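A closer look at the structure
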Amino acid sequence: MSDDTSSDDAPTNDGQRFDRLPATPDEREVEGRASRAEVLDWWHERFGIEPAIFEGYSFWEKGAGKVWIFNGEATDPSEVEAIGMTFLRTRQEHWKPTGRAVSRFGRHATKNVIELDPRQASRFAAGEDQDLPEWDGDWGYLIATHEVAGESVPIGVGLYLYDELRSVVPKGSRADLPVVE
Amino acid sequence: MNPLDRYESLVDDVDAFRAACDRPLPSVVRTNEIAATPARVREAFDEAGVAYEAVDWHDGLFRLPDGNPGGNWPYVHGWTHGQEEVSALPGLALDPRPGERVWDACAAPGSKTTQIADAMDDEGTVVANDNNLGRLSALRHNAERLGITNAVVTNQDARNFSLKPLAFDEFDRALVDAPCSCEGTCRKNPDVLDEWTLDHVHAVAGIQKGVLARAVQATRPGGVVVYSTCTFAPEENEAVLDHVLASEDCELVKFDLPVETDPGVTEWDGETYDESVTRAKRIYPHRNDTGGFFCAKLRVGGEDDDGRTDRAAADDEGVAA
């Protein structure tokens with residue numbers, strides 16, 4: 001990377017365009033852009049998801065810090081409306097996985113997963129915050145799961161702070177569901 | 001005038017046809033096998049006390065007699081997607097395979113795009129295009145909800161679609177589920193019959209010809225193009241095929257659908273169409289108790305990778321296998 005970061009030629013993030021994430025921090029040209037290696041490390045450290053799960057997927061940034069995951073062929077850069085699905089929010093103090101990413105890949109997680117009972121699961125899906133002092137794991141973003149048809153299934157992303165689990169399910173994805181015991 | 005009157009000369013049992021068109025349709029959901037198997041959906045419905053009926057010709061489709069397809073956990077988890085039974089047929093005719101390059105020319109709101117991605121095991125590339133930016137947000141919402149990672153979403157006029165933003169210059173398969181006069185959806189939305197005009201039929205037929213021609217051009221020799229509408233109007237169905245057969249290098253091929261169908265018609269309102277349009281399939285509401293639909297499968301002309309050009313090879317099976 002050039003030392004002359006004040007130059008007009010220094011590449012910056014164009015929020016309207018998909019750009020592939022650099023493989024490693026050393027290859028980073030756009031300031032503040034996450035690298036593929038950092039993204040894989042983050043999922044591994046935070047949720048125990050092995051980097052091998054994401055082999056074959058490419059990662060892209062469009063919008064400030066919005067990282068997309070894609071499993072098809074794309075040119076570089078690609079000026080289209082969307083590729084693959086939104087995956088992760090970077091460029092903020094704590095990176096945040098999208099609910100969709102958690103729904104798609106969360107079953108591979110081995111830590112920072114909070115299993116909810118049927119009543120808690122319904123409240124979570126409805127977007128309600130709830131007291132959960134019994135959680136003794138990390139604070140921050142967790143994957144909330146519940147049991148359906150004999151297996152644990154991710155519902156979405158929760159933010160755990162001060163004995164409370166906050167549902168960060170986006171408004172458009174919230175649902176009032178009956179409690180299934 | 002009720003536009004359904006026009007089609008009485010085409011159907012074998014007018015009373016049954018009219019009676020079926022007057023009956024409402026149940027809510028139906030399709031299993032998204034990227035996320036769950038039909039057996040798992042069944043188990044989750046049983047557990048939650050959600051009533052469902054199997055659709056005998058497709059094990060991933062469930063009728064929900066109590067309605068509310070979105071009010072249950074399988075929906076929230078992206079295991080199911082609300083999609084009418086007949087709407088699953090063009091995806092079956094298209095028969096996309098993992099790893100292929102597939103174009104969904106008129107994709108929003110994405111029921112068929114997501115079905116295509118599912119059939120591809122989410123591997124390869126499905127390009128979901130729509131000219132309406134507003135409807136693309138519904139498409140994107142659905143694709144994300146169902147966990148699809150192999151879709152590229154574009155916002156172009158399909159009639160002069162450019163592959164320039166893509167990493168390749170031709171498709172293996174294309175689906176043209178064309179904007180149409182939608183008479184076949186009258187069981188869901190009777191208003192379509194009140195709003196129907198012949199001028200609209202003619203206007204939309206012009207668009208349909210342009211989109212289907214572009215789909216043939218953008219698909220590789222030996223590749224497959226599926227054309228579908230939810231209308232009974234021959235102006236929007238056989239006449240569009242007839243036009244494209246005459247203007248582009250392609251042919252209609254025989255194919256199977258797992259429902260009762262009637263062949264395409266070769267005469268309508270003083271016009272005659274290429275004999276091969278009988279290979280297209282008309283789906284009438286009274287035959288299988290579904291909505292109305294039209295579906296045709298085309299092989300793009302020229303030598304495929306195996307050097308085959310003849311229609312027999314295309315009929316043999318597989319077409320773009």
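On a predicted model such as this, the values are computed, not experimentally measured, just so you know. (Residues numbered from 1 in each chain as written. Chains lettered and ligands numbered in written order. Predicted model: local features only at pLDDT ≥ 70, side-chain atom pairs only at ≥ 80, totals over all residues. Heavy atoms only, no water.)

Once that is clear, we can look at the domain arrangement of chain B. Residues and elements named next belong to chain B. Along its sequence, chain B is carved into domain 1 (3–24 + 84–300) and domain 2 (26–83). One C-alpha centre belongs to domain 1, the other to domain 2; they are set 24 Å apart. If you look at the interface, domain 1 gives 22 residues, while domain 2 gives 18 residues. Summing both sides of the interface, domain 1 and domain 2 together bury roughly 1700 Å²; the carbon and sulfur share of this comes to 52%. Taken as a group, Glu 85, Asp 118 and Arg 145 account for 39% of the area that domain 1 buries against domain 2, more than any other trio of residues on that side. On the surface where domain 1 and domain 2 come into contact, there are 2 salt bridges. Close ionic contact of Asp 118 with Arg 30 constitutes a salt bridge, the shortest N to O distance being 3.9 Å. (Domains from an automatic or database assignment. Contact = heavy atoms within 4.5 Å. Buried area = accessible area lost by both parts, 1.4 Å probe. Salt bridge = Lys/Arg side-chain N within 4 Å of Asp/Glu carboxyl O.)

The subject of this paragraph is the domain arrangement of chain A. Quoted interface sizes are often the accessible area lost when the parts come together. Residues and elements named next belong to chain A. Per the domain assignment, the segments making up chain A are domain 1 (19–106) and domain 2 (112–173). One C-alpha centre belongs to domain 1, the other to domain 2; they are set 23 Å apart. Counting residues at the interface gives 12 residues for domain 1 and 12 residues for domain 2. Summed over both partners, the interface of domain 1 with domain 2 comes to about 1000 Å²; 63% of that surface belongs to carbon and sulfur atoms. Among the residues domain 1 hides against domain 2, the three largest losses belong to Arg 46, Phe 47 and Val 102. Together they make up 51% of the total. The salt bridge involving Arg 46 is made with Asp 138; its shortest N-O contact spans 3.9 Å.

Right, let's get into the sheet that holds strand β9 (residues 140–148) of chain A. Within the open sheet, the 5 strands sit side by side as β7-β9-β10-β11-β8 (chain A). Their pairing is mixed. Both outer strands of the open sheet, β7 (113–115) and β8 (130–131) of chain A, are each paired with one neighbouring strand and no more. In this structure, strand β10 (residues 151–161) of chain A lies alongside strand β11 (residues 164–167) of chain A, joined through 4 bridges in antiparallel fashion. Directly across from Leu 159 of chain A, in β11 of chain A, lies its bridge partner Arg 166 of chain A. Contacts from helix α3 (residues 118–125) of chain A reach β7, β8, β9, β10 and β11 of chain A, with the element oriented near 65° to β10 of chain A. Of the strands in this sheet, β9 and β10 of chain A are in contact with helix α2 (residues 38–48) of chain B, which crosses β9 of chain A at around 85°. (Pairing = 2+ DSSP bridges. Helix = DSSP H or I, 4+ residues; strand = E, 2+ residues; numbered from the N terminus. Axes fitted to C-alpha atoms, helices over the stretch in contact; angles between N-to-C directions.)

Let us now look at the sheet that holds strand β3 (residues 66–70) of chain A. All names here are of chain A. As summarised here, the arrangement of the 5 strands in space is β1-β2-β3-β5-β6, forming an open sheet in which the pairing is antiparallel. Of all strands in the sheet, those bounded by a partner on one side alone are β1 (19–20) and β6 (96–97). Where strand β2 (residues 58–61) lies against β3, 4 bridges are found, and the strand directions are antiparallel. Within β3, the position partnered with Glu 61 by the bridge is Val 67.

A few words on the UniProt feature "binding site: S-adenosyl-L-methionine" (unreviewed entry) in chain B. All names here are of chain B. Taking the UniProt record as the reference, the feature "binding site: S-adenosyl-L-methionine" (unreviewed entry) is found at Cys 106, Ala 107, Ala 108, Pro 109, Gly 110, Ser 111, Lys 112, Asp 130, Asp 157 and Asp 177. Here, the largest pocket is lined by Cys 106, Ala 107, Ala 108, Pro 109, Gly 110, Ser 111, Lys 112, Asp 130, Asp 157 and Asp 177 out of the annotated residues. As for its placement among the helices and strands, Ala 107 is situated in the loop between β5 (101–104) and α5 (111–119). Residue classification places Ala 107 among the buried positions, given a relative accessible area of 5%. Contact partners of Ala 107, with chain neighbours within four places excluded, come to Thr 113, Ala 128, Asn 129, Asp 130 and Leu 139. If you trace the backbone, Ala 108 turns up in the loop between β5 and α5. When residues no more than four places from it in sequence are discounted, the contact partners of Ala 108 are Asn 129, Asp 130, Arg 135, Leu 136 and Leu 139. (UniProt positions renumbered as here; feature names shortened; annotations may be inferred. 1 Å grid on protein atoms, 1.4 Å probe; cavity = no way out; pocket = protein on both sides within 12 Å on 5 of 7 lines; lining within 4 Å. Buried < 20%, exposed > 50% of the residue type's maximum accessible area, 1.4 Å probe, protein only.)

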